[in-house]
Amino acid sequence: SAAAKFDYLARRGEYSRQPDKIAHLISGNMPDWAASKARLYWESADLYERANGRLFKQLEGALPLELNHEQRVALAEKFARQVADVPGGSLPFTLALHVGKSKKEDSPGNPHFHLEISERINDGHLRNSESWRRVGHRRPTR
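Residues numbered from 1 in each chain as written. Predicted model: local features only at pLDDT ≥ 70, side-chain atom pairs only at ≥ 80, totals over all residues. Heavy atoms only, no water.

**Q** What is the right way to look at the sheet that holds strand β5 (residues 93–98) in this model?
**A** Working definition: the strands of a sheet are paired by backbone hydrogen bonds and lie parallel or antiparallel to each other. In space, the four strands of this open sheet follow the order β1-β5-β6-β2, with antiparallel pairing throughout. Unpaired on one side and paired on the other, β1 (22–28) and β2 (57–62) mark the two borders of the sheet. Sheet twist, expressed as the average angle between the axes of neighbouring strands with direction ignored, equals 15°. Alignment of β2 against strand β6 (residues 112–117), held across six bridges, turns out to be antiparallel. Residue pairing across strands places Leu 59 opposite Leu 115, the latter belonging to β6. Contacting β1, β2, β5 and β6, helix α1 (residues 2–10) runs over the sheet at an angle of about 155° to β6. Along the sheet, helix α2 (residues 38–48) contacts β1, β5 and β6; its crossing angle with β5, the most-contacted strand, is approximately 120°. (Pairing = 2+ DSSP bridges. Helix = DSSP H or I, 4+ residues; strand = E, 2+ residues; numbered from the N terminus. Axes fitted to C-alpha atoms, helices over the stretch in contact; angles between N-to-C directions. Contact = heavy atoms within 4.5 Å.)

Below is the structure:
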């Protein structure tokens, strides 16, 4: 489910004991009704998306060890915003940076990001959580 994926990215609930800790979490381009509650957006995908509809897409990527934390955050956020910028508006997303497990005790971890991204364009029109998922709502044409 989309909400379960969000919980995994945010290390919430059953995923809070993952050895791979969260370093940064941000959601962007959410509709007004989910602007401060990103999980609510992903819950609505589970509830209202068509039976044959895609709940989200996910991208993952490694982040360079040579960068410090702030540089990794800036790089991942820039990437997420570029991916989410589509003709007609922006796609809602949640981005999580994880520290990553290291293979050896004294070596750095494996910093990486996860991007959960919706295919529903936030075009600025006010809709509630149910109407957000209606078939007529436009999707990107990439």
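**Q** Would you mind showing me how to read unusual backbone geometry here?
**A** As a rule of thumb, non-glycine residues mostly have phi less than zero, and peptide bonds are mostly trans rather than cis. Phi is positive for Arg 11, which is not a glycine, with a value near 60°. Tracing the sequence through the fold places Arg 11 in the loop between α1 and β1. The exposure class assigned to Arg 11 is buried, which follows from its relative accessible area of 9%. One non-glycine residue with positive phi stands out, namely Asn 29, at about 60°. (Buried < 20%, exposed > 50% of the residue type's maximum accessible area, 1.4 Å probe, protein only.)

Purely geometric stuff here, so don't read any function into it on its own.
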